[in-house]
Amino acid sequence: MKNSLRFVVFLAAITLMSAAALAQDSAIFSKDVAPILQRHCQVCHHPGTIAPMSLLTYEQARPWAKAMKAKVVAREMPPWFIDKNVGVQHFNNDVSLSDQEIATIVKWVDGGALQGNPSDMPPQRQFPDGQGWQFGKPDVIVTLPKDVIVKAKGPDWWPDILADPGLAEDRYIQAVQIIPTKGYQDIHHIRTSLVRPEGGANAVKSGVLDGNVVLDPAEQGVFLNEYAIGKGADVFKEGSGRLIKAGTKINFQMHLHSNGAETPVNVLLGLKFYPKGYRPQHTITSLTVGSGAIGGGIVDIRPHEANVRSDGYITLMKPTRLLSFQPHMHNRGKAECLEAIYPGGKIETLSCARFEFNWMVNYVYADDAAPLLPAGTILHSIMWHDNSAENKSNPDPDAQITWGERTVDEMGSAWLSYYYMSEEDFRMETEARKAKLQTFASAQ
């Protein structure tokens with residue numbers, strides 16, 4: 001009996017030692033994984049958002065452990081597709097996981113997806129409005145006057161819907177975000193524009209440069225922002241913003257497509273303002289560079305072709321600080337690069353990104369890494385398209401595809417935000433950037 005008891009005690013000790021060793025060699029949810037999810041995932045993965053599951057707690061995350069491992073190892077989640085081998089590598093909104101963070105999630109899953117001590121959990125991240133605003137609570141929230149009903153079957157549709165934010169004074173916008181609240185699966189993209197009460201923007205011929213504003217032929221006013229599937233907020237660099245004047249209405253130009261069931265669609269547009277009386281030094285402008293846009297080329301994609309290229313160009317008339325880069329294509333989109341062709345002939349790749357149709361990410365350059373481009377620089381966008389059966393988003397690899405607005409057509413462009421600079425400011429900022437690099441190099 002004593003020997004049996006000793007053996008049981010011995011087995012228990014071995015089991016405890018093995019569990020301790022396993023815990024040391026694996027990651028624990030409460031201490032190791034939960035902080036990663038808070039930093040990178042929960043802004044989308046909490047109740048009331050478009051994500052298919054919430055990842056706020058261990059109980060919510062545990063059933064998805066293996067799927068999480070597969071997605072992060074493939075770098076499909078979080079959605080961040082910048083090529084890490086070329087171009088600018090520093091962004092204000094980088095949600096990608098580091099190699100170490102990926103390794104931690106892999107160790108957690110391979111070690112049995114253990115919870116650990118619940119008391120080691122960090123304080124739960126709070127989303128008081130349930131919407132996932134990425135810049136805090138907006139000062140103004142605008143919604144469509146009523147739901148837009150998309151038929152179960154039918155052609156793509158581009159309604160223009162005017163909404164009044166009720167603004168009684170001029171304000172400068174520091175951040176803007178669109179969040180679908182109904183029917184997000186029917187929304188291809190939304191472009192919003194500012195329709196001023198005096199109609200000044202509408203009186204200018206579309207498709208030409210108006211000062212530092214490019215008026216797109218499809219716009220109903222001055223461009224405000226663009227939402228595409230999976231895109232988050234536009235948060236502008238301190239000292240720059242967009243002006244919205246008192247009495248301005250907001251036009252929502254929506255690209256909608258049917259999904260097999262009659263669906264109501266509505267969205268929220270949130271505006272975050274600078275303090276009253278604050279006037280930023282720079283007014284932000286956006287434009288598209290690519291096929292079908294100003295200066296764009298032709299899209300001609302033959303059946304089963306897996307690597308078809310299209311191009312677009314635009315010349316910057318003044319010194320420019322480039323703020324963000326957002327690839328935009330349709331189902332056959334594969335990848336996109338943006339390069340600068342400088343006045344002296346030098347060519348520099350600024351950014352390249354893999355394209356995923358369901359995640360049209362806007363890459364916002366870090367303040368000290370945003371490209372500074374002299375007057376006369378040509379921005380060249382290069383798009384690649386995949387019409388093969390290997391493309392999981394391709395609805396019909398047997399079709400010949402040309403440029404068009406419909407989702408089943410194709411286009412390719414880079415949505416860019418930027419502001420023009422004076423020659424003096426451009427020179428000073430360029431010299432300051434060079435000095436910082438020299439200081440860093442000498443310290444190595």
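Preceding this paragraph is the structure being described.
Read on for an overview of the structure. (Residues numbered from 1 in each chain as written. Predicted model: local features only at pLDDT ≥ 70, side-chain atom pairs only at ≥ 80, totals over all residues. Heavy atoms only, no water.)

1. Some thoughts on the state of the cysteines
Under the counting rule described, the total for this entry stands at 1 disulfide. With no disulfide partner, Cys44 has as its closest neighbouring cysteine sulfur the one in Cys41, 8.8 Å distant. (Disulfide = S-S within 2.5 Å.)

2. Some remarks on the pattern of salt bridges
One pass over the structure, following the stated rule, counts 15 salt bridges. A salt bridge links Lys182 to Asp147, with the nearest nitrogen and oxygen atoms 2.8 Å apart. Remark: Asp147 occurs in the loop between strand 1 (140-143) and strand 2 (148-150) and Lys182 occurs in strand 4 (residues 171-182); sequence separation between them is 35 residues. Overall, Asp147 belongs to the partly exposed group, its relative accessible area being 26%. For Asp368, the salt bridge identified is with Lys436, shortest N-O distance 3.3 Å. Here Asp368, found in the loop between strand 20 (363-364) and strand 21 (372-373), pairs with Lys436, found in helix 6 (residues 423-442); they are 68 residues apart in sequence, far enough to count as distant. Via salt bridges that share partners, Glu169, Arg171 and Lys276 belong to a single interconnected network. (Salt bridge = Lys/Arg side-chain N within 4 Å of Asp/Glu carboxyl O. Helix = DSSP H or I, 4+ residues; strand = E, 2+ residues; numbered from the N terminus. Buried < 20%, exposed > 50% of the residue type's maximum accessible area, 1.4 Å probe, protein only.)

3. Re the pairing of strand 10 (residues 240-244)
Most of strand 10 sits out of view: 4 of its 5 residues are buried. Two elements, strand 4 and strand 10, share 3 bridges in a ladder whose sense is antiparallel. Across the sheet, residue Arg171 finds its bridge partner in strand 10, namely Ile244. (Pairing = 2+ DSSP bridges.)

4. Things to note about the packing of aromatic side chains
Within the structure shown, the criterion is met by 11 aromatic pairs. With a centroid separation of 6.1 Å and 40° between ring planes, the pair formed by Trp133 and Phe135 is classed as tilted. The burial state of Trp133 is the same as that of Phe135; both residues are buried. An aromatic cluster of at least three residues, connected via ring pairs, comprises Trp80, Phe91, Phe325, Tyr363 and Tyr365. (Phe/Tyr/Trp six-rings, centres within 6.5 Å; stacked < 30°, edge-to-face > 60°.)

5. Focus: the sheet that holds strand 18 (residues 333-341)
Across the sheet, which stays open at both edges, the 4 strands sit in the order 16-22-18-19 with antiparallel pairing between neighbours. Of all strands in the sheet, those with a lone pairing partner are strand 16 (308-315) and strand 19 (347-354), marking the two edges. Adjacent strand axes in the sheet meet at a mean angle of 15° when their direction is disregarded. (Axes fitted to C-alpha atoms, helices over the stretch in contact; angles between N-to-C directions.)

6. A look at the pairing of strand 11 (residues 249-256)
Among the 8 residues that make up strand 11, 7 are buried, leaving the element largely enclosed by the rest of the structure. Relative to strand 11, strand 3 (residues 160-163) runs antiparallel, the two being bridged by 4 bridges. From the neighbouring strand, Asp160 faces strand 11, where its bridge partner is Gln253. Here strand 5 (residues 187-195) pairs with strand 11 via 8 bridges, running antiparallel. By the bridge assignment for strand 11, Ile190 is matched with Met254.

7. Brief notes about the environment of Leu268
You can see Leu268 is positioned in strand 12 (residues 263-273). Leu268 gets classed as buried once you look at its relative accessible area, which sits at 15%. Placed 89 residues apart in sequence, Leu268 and Ile179 show a C-alpha to C-alpha distance of 5.2 Å.

8. Considerations on the sheet that holds strand 5
Taken together, 4 strands build an open sheet; the order of strands is 3-11-5-8 and the sheet is antiparallel. Among the strands making up the open sheet, the edge pair consists of strand 3 and strand 8 (222-228). Within the sheet, the average angular offset between the axes of one strand and its neighbour, ignoring direction, is 20°. Both strand 5 and strand 8 contribute to a ladder of 6 bridges, which runs antiparallel. By the bridge assignment for strand 8, Ser193 is matched with Phe223.

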